[in-house]
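The primary structure of each chain is shown beneath.
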Amino acid sequence: MSLLSVSDLRVGFATEDGVVQAVDGVSFDLSPGEVLAIVGESGSGKSVTAQTLIGLTRAKNARIEGSVQLGGEDLLSAGDAEMRRLRGERIGMVFQDPMTSFNPVYRLGNQIVEAIRAHRGDVSKEQGRARAVELFEAVGIPDAKRRVDDYPHEFSGGMRQRAMIAMALALEPEVLIADEPTTALDVTIQAQILRLLEQLNRERNLATILITHDLGVVAEVADRVLVMYAGKVVEQGTLDEIFYDPQHPYTWGLMGSLTRIDRPRPRRLPQIAGQPPSLLDLPEGCPFRPRCPHEFSKCPQYPPLEAKLPESPGHCDRCWLSPEEKREKRLVEGQIGLEAPRA
Amino acid sequence: MNGTETAGSAPLLEVTDLVKHFPIKRGILIDREVDQVRAVDGVSFKVERGETLGLVGESGSGKSTACRAVLQLIKPTSGSVKFEGREIAGLGRRQMRPLRREMQMIFQDPQASLNPRKRVGQIVGDPLKRQGVASGSELRRQVQELLERVGLSSEHYNRFPHEFSGGQRQRIGIARALALKPKLVICDEPVSALDVSIQAQIVNLLDDLQDEFGLAYLFVAHDIGVVRHISDRIAVMNEGKIVEQGSADQVCENPRDEYTKKLLGAVPIPDPRESRERRAGSVN
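Starting afresh in each chain, residues are numbered from 1 along the sequence in its written order. As a convention, the first chain written is A and the first ligand written is 1, with the rest following in written order. Only residues with pLDDT of at least 70 get local features here, since the model is predicted, and only at 80 or more are side-chain atom pairs given and counted; chain-wide, interface and lining totals rely on the full set of residues.

1. Structural notes on the overall build of chain A
Which entries qualify depends on this criterion: Segments assigned H or I by DSSP are reported as helices when at least four residues long, segments assigned E as strands when at least two residues long, and all are numbered from the N terminus. Each radius of gyration reported is based on C-alpha atoms, and the globular scaling rule is 2.2 Å times the count of residues to the power 0.38. Residues with at least 20 other C-beta atoms within 10 Å of their own are called buried, those with 12 or fewer are called exposed, and the rest are partly exposed. The C-beta atoms themselves are positioned from the backbone. By definition, residue pairs are in contact when their C-beta atoms, positioned from the backbone, come within 7 Å.
Scanning chain A from terminus to terminus reveals 12 helices and 14 strands. Taking 343 residues into account, the globule formula puts the C-alpha radius of gyration at 20 Å, and chain A, at 21 Å, falls close to it. A buried classification covers 46% of the 343 residues belonging to chain A. For chain A, the share of sequence-separated contacts (at least 6 apart) that also reach a separation of at least 24 residues comes to 63%.

2. Some thoughts on the packing of helix H4 (residues 120-130) of chain B against helix H5 (residues 136-149) of chain B
All names here are of chain B. Basically, it comes down to this: Where helices are involved, their axes are fitted lines through C-alpha atoms of the stretch in contact, as for all axes, and angles between N-to-C directions lie from 0 to 180°. Here roughly perpendicular refers to angles of 65 to 115 degrees, roughly parallel to angles under 35, roughly antiparallel to angles over 145, and oblique to all remaining angles. Crossing handedness: left-handed means the near helix sits turned counterclockwise from the far one by under a right angle, and right-handed means the same turn made clockwise. Three categories are distinguished: nonpolar for Ala, Val, Leu, Ile, Met, Phe, Trp, Tyr, Cys and Pro, charged for Asp, Glu, Lys and Arg, and polar for the others, with Gly belonging to the last.
One can describe the packing of H4 onto H5 by two numbers: an axis separation of 9 Å at closest approach and a directional angle of 120°. With respect to each other, H4 and H5 are oriented oblique. With respect to the hand of their crossing, H4 and H5 are arranged in right-handed fashion. Residues Gly-121, Val-124, Gly-125, Leu-128 and Lys-129 of H4 form the contact with H5, whose participating residues are Leu-139, Arg-140, Gln-142, Val-143, Leu-146 and Leu-147. Along the lines of polarity and charge, the residues of the contact of H4 with H5 split into six nonpolar, three polar and two charged.

3. Some words on the nonpolar core
The line we're drawing: Connectivity within a nonpolar core runs through C-beta atoms within 7 Å, and the core itself is a set of buried Ala, Val, Leu, Ile, Met, Phe, Trp, Tyr and Cys residues.
One finds Ala-166 and Ile-177 of chain A together with Phe-219 of chain B to be the most contacted residues of the largest nonpolar core, which totals 164 residues. Top contributing element to this core by residue count: helix H7 (residues 157-169) of chain A, with eight residues. Ile-177 of chain A has contacts with Ala-50, Leu-53, Ile-54, Ile-91, Met-93 and Ile-209 of chain A, leaving out every residue within four places of it along the chain.

4. Observations regarding the interface of chain B and chain A
Opposite the 33 residues of chain B that make contact, chain A presents 33 residues. Elements that contribute at least two residues to the side of chain B that touches chain A include exactly helix H7 (196-213), helix H8 (224-230), helix H10 (258-266) and helix H11 (272-281) of chain B. By residue class, the composition of the side of chain B that touches chain A is 15 nonpolar, 11 polar and seven charged.

5. Side note on helix H1 (residues 46-53) of chain A
Residues and elements named next belong to chain A. With eight of eight residues buried, H1 lies mostly within the body of the structure. When H1 is considered as a whole, its buried residues turn out to be Lys-46, Ser-47, Val-48, Thr-49, Ala-50, Gln-51, Thr-52 and Leu-53. Two residues or fewer after H1 comes Gly-55, characterised by a positive phi angle close to 75°.

6. Topic: the sheet that holds strand E5 (residues 73-74) of chain A
Residues and elements named next belong to chain A. As a reminder, the rule being used: One bridge is not enough; two strands pair if DSSP finds at least two bridges between them.
Within the open sheet, the four strands sit side by side as E2-E1-E4-E5. Their pairing is antiparallel. Two strands close off the open sheet at either side, each with one partner strand: strand E2 (18-30) and E5. Bridge count for strand E1 (residues 4-15) against E2 is 10 bridges, and the pairing is antiparallel. Residue pairing across strands places Gly-12 opposite Gln-21, the latter belonging to E2. The strands touched by H1 are E1, E2 and strand E4 (62-70); relative to E2, the strand with the most contacts, the crossing angle is about 70°.

7. A few points about the confidence of the model for chain B
Residue and element names in this part refer to chain B. This is how it is decided: As a per-residue measure, pLDDT tells how confident the predictor is, with possible values from 0 to 100.
Model confidence for chain B is summarised by a mean pLDDT of 90, while 96% of its residues fall at 70 or above. In this model, residues 1-6 is a region of pLDDT below 50 whose contacts with residues beyond four sequence positions or in other chains number six contacts. Interface scoring of the predicted complex returns ipTM 0.85; its pTM is 0.90.

Have a look at this one:
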């Protein structure tokens, strides 16, 4: 039974130059205890998708369509007051930069107490503080009793991200959205935060949406993956399906261009040519077409997101090539990639 | 040692015991130095002609400070920086000017490192003009040639930086650094602000340009995968010191230093099976 169900979500913003369709028909289901990774480059619509779930993209020039159901409640039609209640209470969010997400002039503990008391009026300040200490301990901040009285600037980047996670968990939400939670952190700290997210996910049966551009991070924590390009889902499947049997050429390209320290290095790095299209000037049909070396006569028609492999019904992609053609074309010098690196 | 005599045999860049300490000051009327931040604390390395030395480390390890001290953008506290055998540590701005032709820098943030009010032609052509290499139509021709060489088009000459994407802006930064045909280019996190699909393009471009112009790179980044791909040798920095130095493959495959091991062990592997195995193997 899915907890969060998003169907045909579309988010467009009216600008002076026309409508930017930032999210164009995104659908997914999320179950308790599951980690869904949304992967994409800047402008792919991954963050706008996440922000729309908690009502952060509601603006005068925004046009939001589709449906988002959280345990029977429709989030898109919820009023502002209702949305405020749901945020924190049912969906927690962790942002990339913990420095700008906290108020620098208030002590961390007080900010958490405030967040709790805004939702639960009957919690006293003392109870709130005790809860904040508990939360700090749960996310692995040492000396929690003393450190709840620190200001955000007294925390290191990794500790600040832990505090951010503590705050997101304060009201025990069912869903946690983490938008590039480790991008601003050093690798050794990143590894710790990923372990923490994994642990919380396991212990609290927390449904997690992880937004990232880093396939290494995805491989470490995700159960299922959604690959986005130009506002559209181009491929979705389980972690292993996406990594070992990727169906969309864009996914091959991303896999191929990774530098891996566990493999001998290639003389040249395989690359995806060109750059992502402007959302104001999308090509007809498949948005990846101009960068795809395997483009053919069918590509000017927009391909549907379909499962094409009988053995994996949940593995869908948006490409006209047949699975046999894909298996053949995606192998570049024995590895998955888009095309051979040019000398 | 006389610089001109050794220019042929000396390494292109030789840094010995480089130290940069920043004072921590307290006091209202009278500044007292109460302590020091040892940002770079006795660092030694060499870069040979046409070679790439990768400098990796986490934030605060001192890698960017080391680069700036090498270029004399900040004055080193002590130590020696020799370029083609000639001591440049402590040289003033004026004395450094002719040397700037030989050593250039590419910055992390292509948004912040290009003047938004200047056209691309000016940005790339300025070093040529200032050093008196070219002017007028010759300058224009050279700049357009450079733009094409880095994968832009000569029609971009009259555009402003904001009209370009991040990857294209980084190409402009690269064209500017190459304008004077330097021998050494210091790249400070040149791809970390770029999207994955664009990173590979820029890494390959830097590779090609190295072959074509015989450039030496001092390549600084926190992404060990990228550094290993582009570097001949790697130096690992931690807390202002180089903890390990060796060939790129040796450092990545057989690290000796504990810190290097820890750093490499934390790099996520984009392979779910291996990643699961690794986690099962490590004790939490």
